[in-house]
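# Observations on the three-dimensional arrangement
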Amino acid sequence: MHIDHSHEGPAAVSADATRPDGRRRALRVGLGGPVGSGKTATVAALCRALRTELSIAVVTNDIYTREDAEFLLRNAVLPPERIQAVETGACPHTAIRDDISANLEAVEDLEEAVGPLDLILVESGGDNLTATFSKGLVDAQIFVIDVAGGDDIPRKGGPGVTTADLLVINKTDLAPYVGSDLDRMARDAAAQRGELPVVFTSLKGEDGVGPVVDWLREQLAGWVA
Amino acid sequence: MSRAALLVLADGRFPAGGHAHSGGAEPAVKAGRIRDAQDLAAFCRGRLHTAGLTAAALAAAAALGLDPLRLDEAADARTPSPALRATARRLGRQMMRAARASWPSPELEALAAARPRGAHQPVVLGLAARSAGLGPEDAAHCVAYETVSGPATAVVRLLSLNPFDATAVLARLAPEMDEVARRAAEAARGGFGELPAASAPLLDITAEAHAAWPVRLFAS
Ligand SMILES: Nc1nc2c(ncn2[C@@H]2O[C@H](COP(=O)(O)OP(=O)(O)OP(=O)(O)O)[C@@H](O)[C@H]2O)c(=O)[nH]1
Ligand SMILES: [Mg+2]
């Protein structure tokens, strides 16, 4: 058996940070969070903000439809060949954490079809507060919650809220209508996350995604440095 | 052979993409053919003795060292449904990724290079078994088991079937899985001419229809 030999040829698990030709591969960023919190809206806004300066592709993990992929297509956020949908067999968190093969395949196919890419956004199907992305699939992850899901979600914590590289608290425009206390959410999030960043967004507003774009630019700068 | 290596390969958590596939159970549930544990047992038995036997023999042959590219052609010839051929290749590609990380070998590298879009999953699984130091019976057992465990897991999710009942179905099928694995390995020893070509036409037909559903939980 050859189990201890180092790999040669193409990477078997494509976790390597460089391409076979030695260049840095695309930065992969996962977006997770509860159903309807604004993941697809964030992906769409990020693509609009960055697509002229970066080569971007998106992988969606719809639970039982192709709606997220179709939303992105319909809104012409990116050309169709830059968007791939992965089917997840009723278990969205399995496809981003325990068995990432279908997602890795989508990432590879995108790189092959439209690469070289600078950035690949992987949107998870809306799931619960425990969903996190495998490090074998993404380099950084964003967890998107919203103010309408209850202002106690940051306090409840869970792996997504606590450990994501960026916590986005979206739909701040709705806070007055649903009685959510943004200061409390900020305090609870800080208590759960320590130094890890938190941003508040309202994607209905002009440049609402700005804080996420700023964070992403920092990640990209660190990635290619 | 290493019995523990067989457990690693056969584990439902082996990350080779199988969790997103129902093995034909989703269309069967939708059509009302699977409603309870008894139906599940009948479905699994049918799949095991048809598509399961054929796939198990392909895997056993690959584990024995028969030419995987010829086996890949043999698998194509035994898979009339284009949707199931595409599924088998996609799962083969995913199995290849996990196999190369788990038991890297020159034979796996060669097949990966020759079929970058994926060879049929049973062929890749058989070669993975070979790379893990396992034999044809082991590979056939793996395929026989996943032939029934895939639909069982899917039905637990689709029907909220009691998981204990679903597992009991699998346990009751164990003697038949052993028998199918034995026959598959025996056929593989007879070479290409002996490989079984048993099929389940209804699975082929419903797989084609399922692939065109706009809304579904499982990829196949
Ligand atoms: N008011 C308001 N609505 C928003 C905001 N962001 C997103 N939405 C709306 O919220 C709904 C859900 O947004 P999506 O982006 O589809 O949410 P998602 O997290 O991708 O949902 P799933 O993929 O189904 O889990 C849509 O109707 C959006 O238009 C926001 O900042 N403010
Ligand atoms: Mg979405």
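Reading guide: rules and limits
Residues numbered from 1 in each chain as written. Chains lettered and ligands numbered in written order. Predicted model: local features only at pLDDT ≥ 70, side-chain atom pairs only at ≥ 80, totals over all residues. Heavy atoms only, no water. Helix = DSSP H or I, 4+ residues; strand = E, 2+ residues; numbered from the N terminus. Rg over C-alpha atoms; globule rule 2.2 N^0.38 Å. Buried < 20%, exposed > 50% of the residue type's maximum accessible area, 1.4 Å probe, protein only. Contact = heavy atoms within 4.5 Å. Areas by Shrake-Rupley, 256 points an atom, 1.4 Å probe, with all protein chains shown as cover. Lys, Arg positive; Asp, Glu negative; His and termini not counted. Charge placed at Lys NZ, Arg CZ, Asp CG, Glu CD. Near = heavy atom within 4 Å. Polar contact = N/O pair within 3.5 Å; in protein donor to acceptor, adjacent residues only side chain to side chain. Nonpolar A, V, L, I, M, F, W, Y, C, P; charged D, E, K, R; others polar. Phe/Tyr/Trp six-rings, centres within 6.5 Å; stacked < 30°, edge-to-face > 60°. Lys NZ or Arg CZ within 6 Å of the ring centre and 35° of its normal. Pairing = 2+ DSSP bridges. Axes fitted to C-alpha atoms, helices over the stretch in contact; angles between N-to-C directions. Buried area = accessible area lost by both parts, 1.4 Å probe. Salt bridge = Lys/Arg side-chain N within 4 Å of Asp/Glu carboxyl O. Donors = N, O, S within 2.8 Å, 3.2 Å for Na, K, Ca; no water. Tetrahedral: all angles 85-135°; square planar, octahedral: opposite > 155°, others 65-115°. UniProt positions renumbered as here; feature names shortened; annotations may be inferred.

Turning to the overall build of chain B, a few remarks are in order. A tally of helices and strands in chain B yields 11 helices and zero strands. Counting from the amino terminus, chain B carries its helices and strands in the arrangement α-α-α-α-α-α-α-α-α-α-α. Whereas a compact globule of 220 residues would reach a radius of gyration of roughly 17 Å, chain B reaches 16 Å, a difference of no more than 12%. The principal-axis extents of the C-alpha atoms in chain B amount to approximately 45 × 35 × 35 Å. Each of the 220 residues in chain B was classed as buried or not, and the buried ones make up 55%. The contacts in chain B between residues at least 6 apart in sequence include a share of 81% that link residues at least 24 apart. Within the structure as shown, chain B displays about 9000 Å² of accessible surface, and the carbon and sulfur contribution to it stands at 58%. Averaged over its 24 positive side-chain charges, chain B has a centre that lies 5 Å from the centre of its 21 negative ones.

So, on to the site of ligand 1. All names here are of chain A. As a structural note, the neighbourhood of ligand 1 is formed by 18 residues, with K39, T40, A41, D173 and L203 the closest of them. Separating an oxygen atom of ligand 1 from a side-chain N or O atom of K39 is a distance of 2.7 Å. Protein burial of ligand 1: of its 660 Å² of free accessible surface, 71% is covered by the chains. Split by residue class, the shell around ligand 1 holds five nonpolar, seven polar and six charged.

As a further point, take the packing of aromatic side chains. Any pair of aromatic rings gets described here by the distance separating the centres and the angle formed by the planes. Residue and element names in this part refer to chain B. The tally for this structure, following the rule as stated, stands at one aromatic pair over all chains. A ring pair is formed by F14 and W103, whose centres lie 5.8 Å apart and whose planes are at 15°; its orientation type is stacked. In this pair, F14 is assigned in the loop between α1 (3-10) and α2 (25-30) and W103 in the loop between α5 (82-102) and α6 (106-114), connecting sequence segments 89 residues apart. With relative accessibility at 10%, the residue F14 sits in the buried group. For K30, the ring lying beneath its charged end belongs to W213, and the centroid distance is 4.3 Å. Sitting above the plane of the F192 ring, R70 keeps its charged end 3.8 Å from the centroid.

Attention now goes to the sheet that holds strand β4 (residues 119-123) of chain A. Residues and elements named next belong to chain A. Spatial strand order, β3-β2-β4-β1-β5-β6-β7: seven strands in an open sheet with parallel pairing. The strands lining the two open edges of the sheet, one partner per strand, are β3 (83-85) and β7 (198-200). Ignoring strand direction, the axes of neighbouring strands in this sheet form an average angle of 20°. When strand β6 (residues 166-170) meets β7, the two strands line up parallel, connected through three bridges. Note on β7: the bridge partner recorded for I169 is F200. Along the sheet face, helix α1 (residues 39-50) touches β1 (27-32), β2 (56-60), β4 and β5 (140-146) and points at about 165° away from the line of β4. This element, helix α8 (residues 182-193), spans β5, β6 and β7 of the sheet and lies at about 165° to β7.

Let us now look at the interface of chain A and chain B. Opposite the 28 residues of chain A that make contact, chain B presents 30 residues. When the two sides are added together, the surface that chain A and chain B hide from each other amounts to roughly 2300 Å², 50% of it contributed by carbon and sulfur. When the buried area of chain A at its contact with chain B is split by residue, Y64(A), E87(A) and E105(A) rank highest and sum to 24% of it. Connecting chain A to chain B are six salt bridges. Among the ionic pairs, D109(A) bridges to R117(B), the shortest N-O distance being 3.3 Å. Taken together, the links from chain A to chain B amount to 12 residue pairs in polar contact (both at pLDDT 80 or more). Counting residues per element, the ones that place at least two in the side of chain A that touches chain B are α3 (92-98) and α4 (101-114) of chain A. It is α4(A) that contributes the most residues to the side of chain A that touches chain B, seven residues altogether.

The next subject is the coordination of the magnesium ion (ligand 2). All names here are of chain A. Of the protein atoms, only T40 (OG1), D68 (OD), D68 (OD) and E123 (OE) coordinate the magnesium ion (ligand 2), at distances of 2.0 to 2.7 Å. Each of the six donor atoms around the magnesium ion (ligand 2) contributes to a set of angles spanning 50 to 174°, which defines the coordination as irregular. Read from N- to C-terminus, the donor residues coordinating the magnesium ion (ligand 2) fall into the pattern T-x27-D-x54-E. Here T40 is found in helix α1, whereas its partner D68 is found in helix α2 (residues 67-74), with 28 residues between them in sequence.

Before going further, it helps to spend a moment on the UniProt feature "binding site: GTP" (unreviewed entry) in chain A. Residue and element names in this part refer to chain A. Residues annotated by UniProt as "binding site: GTP" (unreviewed entry) correspond here to G33, P34, V35, G36, S37, G38, K39 and T40. You can see V35 is positioned in the loop between β1 and α1. Residue class for V35 comes out exposed when judged on its relative accessible area of 67%. Contacts of V35, omitting those with residues within four sequence positions, involve G126 and D127. Along the polypeptide, G38 turns up in the loop between β1 and α1. The contacts of G38, once residues within four sequence positions are left out, are V144, N170 and L203.

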